[in-house]
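Secondary and tertiary structure notes
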Amino acid sequence: MSKAFASQADLDDKKTTFEQLSAHCWAYTAEGDPNSGVIIGDKFILVSDATATPAMARDLIAQIRTVSDKPIKYVLLTHYHAVRVLGASAYVEEGATEVIASRGTYELIVERGAQDMQSEMERFPRLFRGADSVPGLTWPTLVIGDGKPGRQGLLTVDLGGVKVEIWHPGAGHTRGDTIAWVDDEKVLFSGDLVEYEAGVYTGDAQLEEWPATLEALGALQAEAIVPGRGEAMKGRADVDKALDYTKRWVTTLFQAGKEAAAANMDLKAAMAHTRKSMDPVFGHVFIYEHCLPFDVSRAYDEAKGIKNPRIWTAERDQEMWAALQG
């Protein structure tokens, strides 16, 4: 039996949680849906990951207003995916003046932002309720770094009483992934570089480079992390669980992709081969069946030498899905 495309059958609302992790850091999570982070200073507020629509962003803004009336000045785009960025206009309406992204993320918006917007709206109908309120692509007002990984592109934002360090630690979920790090409180906002007990979407990933980027994040020795999906993790041991979970997904997936490519399997056979190692470990987690065909497609491509991920369009989505989940 054919599985419903992507998350089109996932129409039940998720319970959101707004949780304080440290003196200035908060996590906004929703049972495996995309997370956002909030850092509240004495003068300003920064939001990491803007949500999928202005309506969803206003729900988060309402939560913020239960604990602070400080202006939301900064919005960080941890990467370019529509489900993370298209709510940004609501913060601008609230008074935000800076939308921050890495050079790599900006380039990806230019290269494939429009196609990604259409693709993701069709994948996630529940998350894109009210999509008619999205004014268009979200463009950064402040682009940091030169596309190379490391702290040489570091931006430090002073919110008053708390400083936030923002940089591109390396490729992984995309080639432009960006983190927010509050060193004094050891809290990491990782975007989709890290997930926990949820599907790890790798359709636009750099799989070979991702484990090294995770090692760089581990070297920060965070005491709390807001992953892209899954619950916020508190304490060094639980942070490491999230890093290890993501690394295991990425390495298991890519190894299966390399094996399939080496054996000259077609993509459908590669999917069946990958399931042998992925299903027993990850088959129970949220959006697993959504992510897996996109992930297998990318792992197979990268194993075949396609370094820059092919652009997903709504048409390519459907063709791939029919071939692998039909």
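These numbers were taken from a predicted model, which means no experiment stands behind them.

1. Topic: the packing of helix H8 (residues 288-303) against helix H9 (residues 314-324)
Packing of H8 against H9 leaves a shortest axis separation of 10 Å and a crossing angle of 100 degrees. Looking at the two axes, H8 sits roughly perpendicular to H9. Of the residues in H9, those touching H8 at Glu-289, His-290, Pro-293, Phe-294, Ser-297 and Asp-301 are Arg-316, Asp-317, Met-320, Trp-321 and Leu-324. Residue composition of the contact of H8 with H9, grouped by class: five nonpolar, two polar and four charged.

2. Considerations on the pattern of salt bridges
Taken as a whole, this structure holds 22 salt bridges when the rule is applied. With a shortest N-O distance of 3.8 Å, Asp-204 and Arg-112 are connected by a salt bridge. A residue pair is termed long-range when its members are at least 10 positions apart, and Asp-204 in the loop between strand S11 (187-191) and helix H5 (210-218) and Arg-112 in helix H4 (residues 103-123) qualify at 92 residues. A relative accessible area of 6% places Asp-204 in the buried class. For Asp-301, the salt bridge is made with Arg-310, and the minimal N-O distance between the two is 2.8 Å.

3. Concerning the packing of aromatic side chains
How two aromatic rings sit relative to each other is set out by the distance from centre to centre and by the angle between their planes. Here the structure, examined in full by the defined rule, presents eleven aromatic pairs. Each ring, one from Phe-44 and one from Tyr-74, has its centre 6.4 Å from the other, and the planes form 90 degrees; the classification is edge-to-face. Here Tyr-74 lies in strand S5 (residues 72-76) and Phe-44 lies in the loop between strand S3 (33-40) and strand S4 (45-48), a separation of 30 residues in the sequence. Ring centres of Phe-294 and Trp-312 lie 4.9 Å apart, and the angle between their planes is 70 degrees; this geometry places the pair in the edge-to-face category. One end of the pair, Phe-294, is in helix H8; the other, Trp-312, is in the loop between H8 and H9, and 18 residues separate them in sequence. Accessibility expressed as a relative area gives 0% for Phe-294, which makes it buried. Here the aromatic residues Phe-5, Tyr-201, Phe-294, Trp-312 and Trp-321 are joined through ring pairs into a cluster of three or more. Across from the ring centre of Phe-294, 4.0 Å away, lies the NZ or CZ of Arg-123, which sits over that ring.

4. A look at the packing of helix H6 (residues 236-262) against helix H7 (residues 267-282)
Contact geometry for H6 and H7: axes closest at 8 Å, N-to-C directions at 160 degrees. With respect to H7, the axis of H6 lies roughly antiparallel. By crossing handedness, the relation of H6 to H7 is classed as right-handed. Contacts between H6 and H7 involve Tyr-245, Arg-248, Trp-249, Thr-252, Leu-253, Ala-256, Glu-259 and Ala-260 from the former and Ala-270, His-273, Thr-274, Ser-277, Met-278, Val-281 and Phe-282 from the latter. Residue composition of the contact of H6 with H7, by class: nine nonpolar, four polar and two charged.

5. Quick word on the pairing of S11
Counting buried positions along S11 gives five out of five residues, so the element sits mostly inside the fold. The side-chain alternation of S11 yields two buried faces, one formed by Val-187, Phe-189 and Gly-191 and the other by Leu-188 and Ser-190. With three bridges joining them, strand S10 (residues 179-182) and S11 adopt antiparallel strand pairing. Considered in S11, the bridge of Ala-180 is made with Phe-189. One ladder, built from four bridges, connects S11 with strand S12 (residues 224-227); its direction is parallel. Residue pairing for S12: Leu-188 is matched across the bridge by Ile-225. Assessed by its sense of winding, the connection that carries the chain from S11 through H5 to S12 is right-handed.

6. A look at the environment of Asp-42
In this structure, Asp-42 sits in the loop between S3 and S4. Note on Asp-42: relative accessible area 51%, which makes it exposed. In this structure the C-alpha to C-alpha distance between Asp-42 and Gly-199, which are 157 residues apart in sequence, comes to 36 Å. Those residues in contact with Asp-42, other than ones at most four positions away along the chain, are Lys-70, Leu-159, Gly-160 and Gly-161.

7. A word on the sheet that holds S11
Reading across from one edge, S8-S9-S10-S11-S12-S13 is the order of the six strands in this open sheet, with mixed pairing throughout. Among the strands making up the open sheet, the edge pair consists of strand S8 (150-158) and strand S13 (233-234).

What counts and what doesn't
- Residues numbered from 1 in each chain as written.
- Predicted model: local features only at pLDDT ≥ 70, side-chain atom pairs only at ≥ 80, totals over all residues.
- Heavy atoms only, no water.
- Axes fitted to C-alpha atoms, helices over the stretch in contact; angles between N-to-C directions.
- Helix = DSSP H or I, 4+ residues; strand = E, 2+ residues; numbered from the N terminus.
- Parallel < 35°, antiparallel > 145°, perpendicular 65-115°, else oblique.
- Contact = heavy atoms within 4.5 Å.
- Nonpolar A, V, L, I, M, F, W, Y, C, P; charged D, E, K, R; others polar.
- Salt bridge = Lys/Arg side-chain N within 4 Å of Asp/Glu carboxyl O.
- Buried < 20%, exposed > 50% of the residue type's maximum accessible area, 1.4 Å probe, protein only.
- Phe/Tyr/Trp six-rings, centres within 6.5 Å; stacked < 30°, edge-to-face > 60°.
- Lys NZ or Arg CZ within 6 Å of the ring centre and 35° of its normal.
- Left-handed = near helix turned anticlockwise from the far one by under 90°.
- Pairing = 2+ DSSP bridges.
- Right-handed = clockwise from strand over helix to strand, strands pointing away.

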